[in-house]
Amino acid sequence: MKLRTILGVAALSIGGVALALPVQAKDLKIGLVLSVSGPYADYGKQIQNGIETFIAQHGDTVAGRKVTLIVKDDTGIAPAVAKRQAQELLIKDKVDILAGFDLTPNAFSVAPLATEAKVPMIVMNAATSSITEKSPYIVRVSMTLPQSSWAIAQWAVKNDIRSAYILVADYGPGHDAQEQFKKTFTGLGGKVVGEVRTPVNTPDYAPFLQRVKDSRPDALFFFVPPGSSMVALAKNFREMGLDKLGIKEMGPGDMTDENSLPALGDNALGMITAFHYSTAHDSPANKAFVAAYAKAHRDSANFMSVGGYDGMQLIYKVLEKTGGDASGDAFIAAARGLKWESPRGPVQIDPDTRDIIQNEYIRRLERVDGELRNVEFATFEAVKDPGKQK
């Protein structure tokens, strides 16, 4: 009996008959850079929960390669920490794919490393438009702020909202939201009567909302970080009686993230948002996802968990196309133009920008059977990132 290895195949000769036995494929190592601790720990938890839900449904092996997850904590908005963790994943752990990235500054800091190492980098949440332009090896499966800002501006003008005040947090996503809403709204004939950028962690929005109240617009368009900032804004809006003046609240859908709804409470009732995902989305794929998520985790699924879920969908579908090849150039070539049915609806990776193309749903926050839900009532189909459209 003679054993030899040629080009990764073991040839076993028994009685003059050669039998080819494949060598077991190397594990697929995915390095996750996420906020596991700190003020944005829920972001990282939701993304990781989405990833685990997908693996529970579809198994931990793709194209013959067993999936291994290695999680690194970036601790929140900490670009230097994120970069150091990504370097460790690439050099020490020798990961095949970088993924996660719940926050824009952290994604920016890691992008050059993905380029240098020629390793795919899957952005599962960070939403500043220009992220995919920072490395040819980035693919985003979440969203961009211009997508939802464009959609809500379109809806506003079609529904007789003629004037708006813009209030956004003073960082990348807020700037994107402000610029796209203003461009689309004014381009369709709307008037912006005032604009303000607030500190990212503002605990009290009353001084800024006083300017809105004095301007008496038809609507307030806003974007602040989901969570405590949004809770404070919604509370101040009602306390100052802006709703009683007929000023509509509207913005991107992460403002009424499902996990924030208990804290927002009735202060956010009637809020109009544009977004790509709601747990109330009526489709077989979403019902299956929500049920699987609820079975595995105590929290409700949200847009970040869908980002993690679809990040794994992308990875599995790409490796099925490449026969298990996760090298940067092969991965990106296979990812361009890829389509699948997500819990959010039909999606596609833009072959030109490597961003996601998806439906934007106009929703109203309502109580349904005693629970707060983002109820979809209008759809803009197959929306590309307008921030990158010429």
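Scroll up a little and you will see the structure.
Quick caveat, the model's predicted, so the values are computed rather than measured. (Residues numbered from 1 in each chain as written. Predicted model: local features only at pLDDT ≥ 70, side-chain atom pairs only at ≥ 80, totals over all residues. Heavy atoms only, no water.)

Draft legend 1. Spotlight on the overall build of the protein. When you go through the protein residue by residue, the secondary structure sums to 11 helices and 18 strands. Taken over C-alpha atoms, the radius of gyration comes to 23 Å for the protein, in line with the 21 Å a tight globule of 390 residues would show. Taking all 390 residues of the protein together, the buried fraction comes to 56%. For the protein, the share of sequence-separated contacts (at least 6 apart) that also reach a separation of at least 24 residues comes to 67%. Charged side chains in the protein number 44 positive and 44 negative. The centres of these two groups are separated by 4 Å. (Helix = DSSP H or I, 4+ residues; strand = E, 2+ residues; numbered from the N terminus. Rg over C-alpha atoms; globule rule 2.2 N^0.38 Å. Buried < 20%, exposed > 50% of the residue type's maximum accessible area, 1.4 Å probe, protein only. Contact = heavy atoms within 4.5 Å. Lys, Arg positive; Asp, Glu negative; His and termini not counted. Charge placed at Lys NZ, Arg CZ, Asp CG, Glu CD.)

Draft legend 2. Main features of the pairing of strand β11 (residues 191-198). The pairing of strand β10 (residues 163-169) with β11 spans 7 bridges and is parallel. Bridging from a neighbouring strand, Y165 pairs with G194 of β11. This β-α-β element, β10 to helix α5 (residues 172-187) to β11, shows right-handed connectivity. (Pairing = 2+ DSSP bridges. Right-handed = clockwise from strand over helix to strand, strands pointing away.)

Draft legend 3. How the structure looks around the side chain of D74. Relative to the elements of secondary structure, D74 occurs in the loop between β6 (65-73) and α2 (79-91). At 10 Å, R84 is the nearest oppositely charged side chain to D74, a buried residue that forms no salt bridge. Among the polar contacts made by the side chain of D74, one reaches the side chain of S35 at a distance of 2.8 Å. Those residues in contact with D74, other than ones at most four positions away along the chain, are V33, L34, S35, V81, A82, D102 and N106. (Salt bridge = Lys/Arg side-chain N within 4 Å of Asp/Glu carboxyl O. Polar contact = N/O pair within 3.5 Å; in protein donor to acceptor, adjacent residues only side chain to side chain.)

Draft legend 4. Fine view of empty space enclosed by the protein. Applying the stated rule across the entire model yields 2 cavities of 30 Å³ or more. Looking at the largest cavity, it is lined by 16 residues, and the ones nearest its centre are D102, N125, A127, Y171 and P173. Split into classes, the residues belonging to the lining of the largest cavity amount to 12 nonpolar, 2 polar and 2 charged. If you add up the space inside the second largest cavity, you get close to 30 Å³. Taken together, Y40, Y43, I77, L103, Y171 and P225 make up the lining of the second largest cavity. (1 Å grid on protein atoms, 1.4 Å probe; cavity = no way out; pocket = protein on both sides within 12 Å on 5 of 7 lines; lining within 4 Å. Points joined across faces, edges and corners; volume = space filled by probe spheres on them. Nonpolar A, V, L, I, M, F, W, Y, C, P; charged D, E, K, R; others polar.)

Draft legend 5. Structural context of unusual backbone geometry. Although it is not a glycine, F101 sits at a positive phi angle of roughly 65°. Looking at where F101 falls in the secondary structure, it is placed in the loop between β7 (97-100) and α3 (104-117). Here F101 falls in the buried class, since its relative accessible area comes to 0%. Even without glycine at this site, A382 takes up a positive phi of about 50°.

So far we have only geometry, and geometry alone does not tell us how the molecule works.
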